[in-house]
Amino acid sequence: MPESNTALQEKEKREQEAQALWDAYEKDRSVENGNRLVEHYLYMVRRVVMRMQPSYNSTFRDYDDLVSNGVLGLIDAVKRFEPGRNIKFETYAPQRIRGAILDYMRAQDWVPANTRKDIKRLRAAQEKLTAELGHEPSQEELAEYLGVDPSVLDKISFHDYQSSVIHFESIMGGQTYQAKFQEPEAMEVADDDKERMPEESFLERETKMRLAQILRELPEKEQMVLDLYYNKELRLKDIADIMGLTESRISQIHRAAIRKISKKYMSEVES
């Protein structure tokens, strides 16, 4: 749907404001000018945090801490960003913000110890029911099989989802999350690349090519969820609306897809 004149005018105004802030920061990289840029882009932090939190889970743990660490990532992005390079700040900054949040989550051991057993039971049930039913079980089928209330299963699924995403990001190391699911030729050059040795750039390119190949081997539905989540940067709720599924089902598909990629990628690295 085409943007309305009002929306276009507002977008133009925001872009002009951002350009003026960047021009001032380039002339004088003072703390005050940097803070003005951070304030202008604070919406990015909230957007990243909300994307990382499935809305069906009502217990948004440590929201303020996630936002605070996201702001640290934004500050780092402002300091490191070079406007003259071939990449937009709106593309570059979310990577830094997400990375800072994931670092915090890893350090805090996001999944409670007493939940790990529940996650293992859930994963075992998923494997067994998938084999028996010939398809991925629904949340209702899993709840009935495990003998738990659907609301309890949602909480376990949420922790499983978070632990899977964190583990996946850890395996991928410094890869930007868009890079995981795009062909190398489609990626814009990140600022860290300029300092890399030729062999490091070659290895990263090889990694991206292999990840793209593994992605193409996934079922179409899983490819679509990953594309909408990582490349289009939609929330799980928005993806659910597009695909006509529940949000918990989308997180289940996302979780299954990144596990498959992690398992296949690691088996090749270790072989």
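Our subject in this report is the structure included herewith. (Residues numbered from 1 in each chain as written. Predicted model: local features only at pLDDT ≥ 70, side-chain atom pairs only at ≥ 80, totals over all residues. Heavy atoms only, no water.)

So, the overall build of the protein chain
1) Next: Regarding its fold elements, the protein chain presents twelve helices and zero strands.
2) Next: Listing each helix as α and each strand as β along the protein chain from the N terminus yields α-α-α-α-α-α-α-α-α-α-α-α.
3) Next: Pairs at least 24 apart in sequence give 68% of the contacts found in the protein chain among residues at least 6 apart.
4) Next: Working note: accessible area of the protein chain is about 15100 Å², and carbon and sulfur atoms make up 51% of it. (Helix = DSSP H or I, 4+ residues; strand = E, 2+ residues; numbered from the N terminus. Contact = heavy atoms within 4.5 Å. Areas by Shrake-Rupley, 256 points an atom, 1.4 Å probe, with all protein chains shown as cover.)

Some points on helix α3 (residues 42-51)
1) Next: Three or more residues of α3 are buried, namely Met44, Val45, Val48, Val49 and Arg51. Each buried residue of α3 lies within a common arc of 165° when the element is viewed along its axis, so the set occupies one face.
2) Next: Summarising the contacts, the buried residues of α3 are in contact with α4 (63-80), α5 (89-107) and α10 (220-231). (Buried < 20%, exposed > 50% of the residue type's maximum accessible area, 1.4 Å probe, protein only. Arc of directions from axis to C-beta.)

Overview of the pattern of salt bridges
1) Next: All told, the structure shown has ten salt bridges when counted by the stated rule.
2) Next: With a shortest N-O distance of 3.7 Å, Asp76 and Arg96 are connected by a salt bridge. Residue Asp76 is located in helix α4, and its partner Arg96 is located in helix α5; the two are separated by 20 residues in the primary sequence.
3) Next: In this structure Asp76 comes out as partly exposed when scored by relative accessible area, which is 27%.
4) Next: A salt bridge links Asp160 to Arg123; the shortest N-O distance between them is 2.7 Å. Here Asp160, found in helix α8 (residues 150-172), pairs with Arg123, found in helix α6 (residues 113-133); they are 37 residues apart in sequence, far enough to count as distant.
5) Next: Judged by its relative accessible area of 0%, Asp160 falls in the buried class. (Salt bridge = Lys/Arg side-chain N within 4 Å of Asp/Glu carboxyl O.)

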